[in-house]
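Fold and contact review
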Amino acid sequence: MKTNWLKKGMLVALALVAAALPWTGAFAAPAQDPDAPPVDEGNSTTRIERLWMREQNSVERFGNRIERSSTMIDKIQAMIDKAEENGKDVDALQAALDAYEKAMDEAGPAYKEAQAIVEEHDGFDADGKVTDREQAVQTLKDLGKQLKELRQQVGQPGKALREAIRAFREANPPADNAGDA
């Protein structure tokens, strides 16, 4: 008898909790175009300053990637040479590496231009604070355009190289050295 009363009490409590919860759905804000700086309400410049910091970091990451690319290319070339000596088919891998190397060479001028925009920092002071809102927005647009160009130049060849390496490794798994010990 007590169990029926307990069950009914739990059902009533659960119904009350469910009735108190809102039944409206939550929707995500629409995605922003990464090339366009955000529109601030009023004269707030905090969002522009945050976007400026993010874009500066992107330029720095591209610089690091370009600097490390020659070392990475050399390592991959050594791997290709060794695989070729062992009689493996490396034509697709070599073509992907050559395309990536060419893309990295061609990305140099676009990177230097992006770096020049960061160094000039029109509309921003040395600390990244907005001094002239209109100039700052234009600087962000120009930098966004350069970063987009860099991504287009390097992105597809980089992806193709990763896929070629993955396909080569799947086709040529390393020899099992467990019996050598």
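Higher on the page you've got the structure.
Report on the accompanying structure. (Residues numbered from 1 in each chain as written. Predicted model: local features only at pLDDT ≥ 70, side-chain atom pairs only at ≥ 80, totals over all residues. Heavy atoms only, no water.)

1. Considerations on the overall build of the protein chain
Across its full length, the protein chain carries 4 helices and 0 strands. The helix and strand sequence of the protein chain, counted from the amino end, reads α-α-α-α. Taking as baseline every contact in the protein chain between residues at least 6 positions apart, the subset at least 24 positions apart corresponds to 72%. Summed over all atoms, the accessible surface of the protein chain reaches about 13000 Å², with 54% contributed by carbon and sulfur. (Helix = DSSP H or I, 4+ residues; strand = E, 2+ residues; numbered from the N terminus. Contact = heavy atoms within 4.5 Å. Areas by Shrake-Rupley, 256 points an atom, 1.4 Å probe, with all protein chains shown as cover.)

2. Observations regarding the environment of Ala171
Within the element layout of this structure, Ala171 appears in helix α4 (residues 133-171). When the C-alpha positions of Ala171 and Lys88 are compared, they lie 9.6 Å apart, and in sequence the two are 83 residues distant.

3. What to know about the nonpolar core
With 34 residues, the main nonpolar core has Ile48, Val59, Phe124, Leu143, Leu150 and Leu161 as its most contacted residues. Counting only elements with at least two residues in this core, the list comes to α2 (46-85), α3 (91-120) and α4. Non-local contacts of Val59, meaning those with residues more than four positions away in its chain, are made with Tyr111, Ala114, Gln115, Val118, Leu143 and Leu147. (Core = buried A, V, L, I, M, F, W, Y, C linked by side-chain atoms within 4.5 Å. Buried < 20%, exposed > 50% of the residue type's maximum accessible area, 1.4 Å probe, protein only.)

4. Side note on unusual backbone geometry
A positive phi angle is found at His121, which is not glycine, with a value near 40 degrees. Within the fold, His121 resides in the loop between α3 and α4.

5. What to know about the pattern of salt bridges
A full pass over the atoms with the stated rule returns 2 salt bridges. Across the pair Glu49 and Lys129 runs a salt bridge, and its minimum N-O distance is 3.8 Å. With a gap of 80 residues between them, Glu49 in helix α2 and Lys129 in the loop between α3 and α4 connect regions that are remote in the sequence. Owing to a relative accessible area of 44%, Lys129 belongs among the partly exposed residues under this scheme. Measuring nitrogen to oxygen at the nearest pair gives 3.9 Å for the salt bridge that ties Lys102 to Glu106. Pair noted here: Lys102 and Glu106 are both in helix α3, with a separation of 4 residues, about one helical turn. Glu106 gets classed as partly exposed once you look at its relative accessible area, which sits at 43%. (Salt bridge = Lys/Arg side-chain N within 4 Å of Asp/Glu carboxyl O.)

6. With respect to α3
Taking 1.5 Å per residue as the helical rise, α3 with its 30 residues ought to reach 44 Å, and the 44 Å between its terminal C-alpha atoms agrees with that figure. Backbone geometry just after α3 places His121 at a positive phi near 40 degrees. (Expected span 1.5 Å × (residues − 1).)

7. Concerning a negative patch on the surface
Together, Glu113, Glu119, Glu120, Asp122, Asp142 and Glu149 make up a region of like negative charge exposed at the surface. Breaking the negative patch down by element, the ones donating at least two residues are α3 and α4. The element that contributes the greatest number of residues to the negative patch is α3, accounting for 3 residues. One can find Asp122 in the loop between α3 and α4. Classification of Asp122 as partly exposed rests on a relative accessible area of 38%. (Patch = residues over 30% accessible without salt bridge, like charges linked within 9 Å, V, L, I, M, F, W, Y side chains within 5 Å. Lys, Arg positive; Asp, Glu negative; His and termini not counted. Charge placed at Lys NZ, Arg CZ, Asp CG, Glu CD.)

8. Here we look at the packing of α2 against α4
Running from amino to carboxyl end, α2 crosses α4 at an angle of 25 degrees, the nearest separation of the two axes being 10 Å. For the element pair α2 / α4, the angle class is roughly parallel. Here α2 runs over α4; the crossing is left-handed. Looking at the contact of α2 with α4 residue by residue, the class counts come to 19 nonpolar, 3 polar and 5 charged. (Axes fitted to C-alpha atoms, helices over the stretch in contact; angles between N-to-C directions. Parallel < 35°, antiparallel > 145°, perpendicular 65-115°, else oblique. Left-handed = near helix turned anticlockwise from the far one by under 90°. Nonpolar A, V, L, I, M, F, W, Y, C, P; charged D, E, K, R; others polar.)

9. A look at the packing of aromatic side chains
A full pass over the atoms with the stated rule returns 1 aromatic pair. Pairing Trp52 with Phe124 gives two aromatic rings, centres 4.4 Å apart and planes at 10 degrees, and the pair type is stacked. With Trp52 in helix α2 and Phe124 in the loop between α3 and α4, this pair connects stretches of sequence that are 72 residues apart. Relative accessible area serves as the criterion here: at 1%, Trp52 is assigned to the buried category. Since its relative accessible area comes to 4%, Phe124 is described here as buried. (Phe/Tyr/Trp six-rings, centres within 6.5 Å; stacked < 30°, edge-to-face > 60°.)

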